[in-house]
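# Breakdown of the fold
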Amino acid sequence: MAATETTGKTTGKTAGTTPRATAAPLRWLRRNVVILAGLATLAYLILPNVVVMVFSFNKPHGRFNYQWQQFSTDAWTDPCGVADLCGSLGLSLQIAVWATVGATVLGTMIAFALARYRFRARAGVNTLIFLPMAMPEVVMAASLATLFLNMGIQFGFWTILIAHIMFCLSFVVTAVKARVMSMDPRLEQAAQDLYASPVQTFLRVTLPIAAPGIASGALLSFALSFDDFIITNFNAGSTVTFPMFVWGSAQRGTPVQINVIGTAMFLVAVLCVLAGQMAGTRRKRSKK
Amino acid sequence: MTMTHTPQSSGGDVRLSQISKTYGSFTAVHPLDLTVPAGSFFALLGASGCGKTTTLRMIAGLEDPTTGTVELSGEDVTALPPYKRQVNTVFQNYALFPHLDIYENVAFGLRRRGVKSVKKQVEEMLDLVQLGPMARRKPQQLSGGQQQRVAVARALINHPQVLLLDEPLGALDLKLRRQMQLELKRIQTEVGITFVHVTHDQEEAMTMADTVAVMNGGRVEQLGAPADLYENPATTFVANFLGTSNLIEAEVVEAGGEDLLLRAAGTKLRLPAARCSASAAAGDKVLAGVRPEKMALAHADDAASVTDGHNRLPGRIKDASFIGVSTQYVIEAPGAGEISVYEQNITRDGRLIPGAEVVVHWNPAHTFGLDAAQSLLAGKTGAAGADLDEEAA
Amino acid sequence: MTATEAPAPPESDATEPPALRRTPTRKRLVPYWLLLPGILWLLVFFAAPLVYQASTSLQTGSLEEGFKVTWHLATYWDALGEYWPQFVRSMGYAGIATALCLLLGYPLAYLIAFKAGRWRNVVMMLVIAPFFTSFLIRTLAWKTILADGGPVVGALNSLHILDVTSALGITEGHRVLATPLAVVCGLTYNFLPFMILPLYTSLERIDPRLHEAAGDLYARPVTTFRRVTFPLSMPGVVAGTLLTFIPAAGDYINAELLGSTDQKMIGNVIQSQFLRVLDYPTAAALSFILMAAILAMVTIYIRKSGTEDLV
């Protein structure tokens, strides 16, 4: 890279006349093609969010919010103005919180067992952890629903929660295991050597060091659970979570409030990431 | 430098009785007895995989011995977990807590034992290791030498009876290592705590320790003061691992006198009977060992001028390398293989160049005898075992 | 201090024979206690349902009379015979979407890993942030973007691109919505981050000095990429393609929201058999076939790409 640049400069000095000049934009394009392509992809990724945001200020004629009509802040001033919308949002948040707690606790335990101990059936456990991530959601969804059906279990909040913990578990295990594995076991030994009992060692050394892994596993769980549609679709019965509400509205008519909530979620997330970034840069050097 | 506010901890002694460690079918440490006297600087020396780290970890309580007992100051602590032992460790790569700053790292042990006001002690300890201004930094922001000193401070602040050091200088560059060797020795003299130091660096062990135990294959090969080990190695492993030795296969011709008479490489050599650790009746095979710096070279033309009574071996210079304080020669001696000779650069004989015919000679008193039933190569660099010790840990 | 104070091993008196000590049973059981609840959860709610599913696929009967296991393997043949177009379509769409994800995602991952500099975190955030808006809402936004009278379709029309794509069968007439193009576009969009993140992770691990070393050894940038960067990013490529292909093959949301009845994928069939037609054996047989097909493809793929340590 550096070599091409310097040769480019020297030739430019010696013969910096017309033929070189016409080649310049082309050369610039060639050097930055990766950046341009990357930015194009980024635009592709962001575009729908922009559309969602813009259309949260729309005042559609009719039931569907697909065409721009006129500017309005009606939906923003009355985000719960559509029947069942905020109820489904609350339910989704509730399920996401409990699924996160459940999956994080169970997943962290498994991760510690895998990272810290040797035992039989290790390969089996690893496969059982990996399979849910390599399985199409429809398959898991339909299987679990079949089980519930045959057992005569009533679909609703609990079946959704069970399903969500099930598919979030593997992701937590993966995130936490990676962190614990990369941790020097001598740190725990050092703590024990310095008069920390096993419980103190866990609370004062192991947990703080594993915390980033646990946090990212929990965050992922929350996002996956909150946004899950396919598995919920099969196991919800008549219970309506937020994604199910959106799905239904695609058939019945999309209220602008959906866009308001989508945009608000996006902004909250961006703010959280930014705040985390700032806290992160402050602590950056303390992390390895 | 004193620590007046606390009772001066006079170190405790460590007594290992028939202690051993096996992992499945692999024996890391064969049953061994070892006593480290209170207040001494004791080194466990050996190549990686020799069981030295496992032994250290059994003293710390980080490894349960398969058999045997560990006593600290006369008290059996074998069943005590590490956090109940008056022993602290300076870990390999230091194991400083990355999520805590230097101050909290050093205060960790005190806090765990419920000490309320740690400030004064921590600050004094940081001063002792000259890291006062660094108190609020995180370990990653410190250089290797500084981290090493934090690790020492973090252990010493607890006034352990015994301080265990697991390759504490391994991660430092040569110059810093030399400096820290002296530093550690100074601290040890000041605080009077028993130090048990694990290292694979023979020079480090010899510089710092009063007593060195050379370990190989899970056993203690030899134990003694550094000079004693160097002068009187009991095995080929020790002879080769501590410095360099020329080992010459020989047969005892005549025993009974003050000196043994040996036949080797077609010539006669003399060996003080007291310095032969192997049985030496006439006809027995022994290895005659000599340190390279104890030998001298004379050009073949000057053979007559060699001191009377010296052992001699004829040979040809194969290689000569000038390294400042000395010149190291490799001599091809028929029947005795290759012999290393270090000549001090006092007067340099211009004829001593590769190809020259020479006579290697030395005072017979500098010869030591070893049992011939051992590998000549044991303990040579590169012949060491695999990294089993560290792997198992 | 002299050596004599420390007695040599053989001289020390070993009065008692060494007693063997064992790790206490309680300590050895710790990993099993840690595993128990989570593994039980997965066994009951993940593994057992799959077994149940297998038995369901071999049942016959109706909702009113109940289902019985009759080893009715014909369900599989019937299901395959009737729905093979959806199967083929699913694999095709998912394959194309995966290829597009790789094509689009690689430059962006490369950009973040090597070119973004101090913008790295910002770009990274822009990749992740869309995740936080419900993907259904974002997928619906494509309905607006690709709407018949919209600027995208207008531009494509005026450039006569849609004529070409229609001729190729990717679109129909002068519209994009309710065509294969819309569905693939939606699939690509939805699973793109799953490609970018693993790609970035493995690209980020590459020491930038390797690029300089390759340049130093007479490799032009393109050669450097082909011979050094890309091979080293293979774990990311494999993980990314799997993370994209597997969910894409089972997806039914994009086909439902952006396609028409002619773009139905196997996921749509399973969903409607299960939730609307209530033909559980067929739904079970179809999901089993899908699972088997995907597992087989994934296994072969992992073998071929030689990154078995991925798991």
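An unreviewed UniProt entry annotates chain B as Spermidine/putrescine import ATP-binding protein PotA of Streptomyces natalensis ATCC 27448. If you open the UniProt record of chain B and go to Subunit (unreviewed entry), you find "The complex is composed of two ATP-binding proteins (PotA), two transmembrane proteins (PotB and PotC) and a solute-binding protein (PotD)." Its UniProt record gives chain B the following Sequence similarities (unreviewed entry) comment, quoted word for word: "Belongs to the ABC transporter superfamily. Spermidine/putrescine importer (TC 3.A.1.11.1) family."

As named in an unreviewed UniProt entry, chain A is ABC transporter permease, taken from Streptomyces natalensis ATCC 27448. Per UniProt, chain A carries the Sequence similarities (unreviewed entry) text "Belongs to the binding-protein-dependent transport system permease family. CysTW subfamily." Per its UniProt entry, chain A bears the Subcellular location (unreviewed entry) comment "Cell membrane".

## Remarks on the interface of chain C and chain A
Taken together, the contact pairs 74 residues of chain C with 69 residues of chain A. When residues of the side of chain C that touches chain A are assigned to their parent elements, the largest contribution, 19 residues, is made by helix α1 (residues 25-57) of chain C. Taken together, the residues of the side of chain C that touches chain A break down into 57 nonpolar, 14 polar and three charged.

## Details of the sheet that holds strand β17 (residues 326-333) of chain B
Residues and elements named next belong to chain B. Ordered by their spatial adjacency, five strands build an open sheet running β15-β19-β16-β17-β18, and the pairing between neighbours is antiparallel. Among the strands making up the open sheet, the edge pair consists of β15 (296-299) and β18 (337-344). Neighbour-to-neighbour, the strand axes of the sheet open up by a mean angle of 45°, direction not taken into account. With four bridges connecting them, β15 and strand β19 (residues 357-362) associate as antiparallel partners. Looking across to β19, one finds that Leu297 is bridged to Val360.

## Here's the deal with the sheet that holds strand β14 (residues 285-290) of chain B
All names here are of chain B. Sheet architecture is open: five strands sit in the order β13-β12-β11-β14-β20, paired in antiparallel fashion. Looking at the sheet topology across the chains shown, the edges are occupied by β13 (267-272) and β20 (368-371). When strand polarity is set aside, the average angle formed by the axes of neighbouring strands in this sheet is 45°. Bridging between β14 and β20 involves four bridges; their strand directions are antiparallel. Bridge pairing in β20 places Gly289 opposite Phe368.

## Observations regarding the domain arrangement of chain B
Entries for chain B in the domain assignment read domain 1 (14-231) and domain 2 (244-371). Computed from C-alpha coordinates alone, the two centres of domain 1 of chain B and domain 2 of chain B are separated by 40 Å.

Reading the values: rules and limits
- Residues numbered from 1 in each chain as written.
- Chains lettered and ligands numbered in written order.
- Predicted model: local features only at pLDDT ≥ 70, side-chain atom pairs only at ≥ 80, totals over all residues.
- UniProt positions renumbered as here; feature names shortened; annotations may be inferred.
- Contact = placed C-beta atoms within 7 Å.
- Helix = DSSP H or I, 4+ residues; strand = E, 2+ residues; numbered from the N terminus.
- Nonpolar A, V, L, I, M, F, W, Y, C, P; charged D, E, K, R; others polar.
- Pairing = 2+ DSSP bridges.
- Axes fitted to C-alpha atoms, helices over the stretch in contact; angles between N-to-C directions.
- Domains from an automatic or database assignment.

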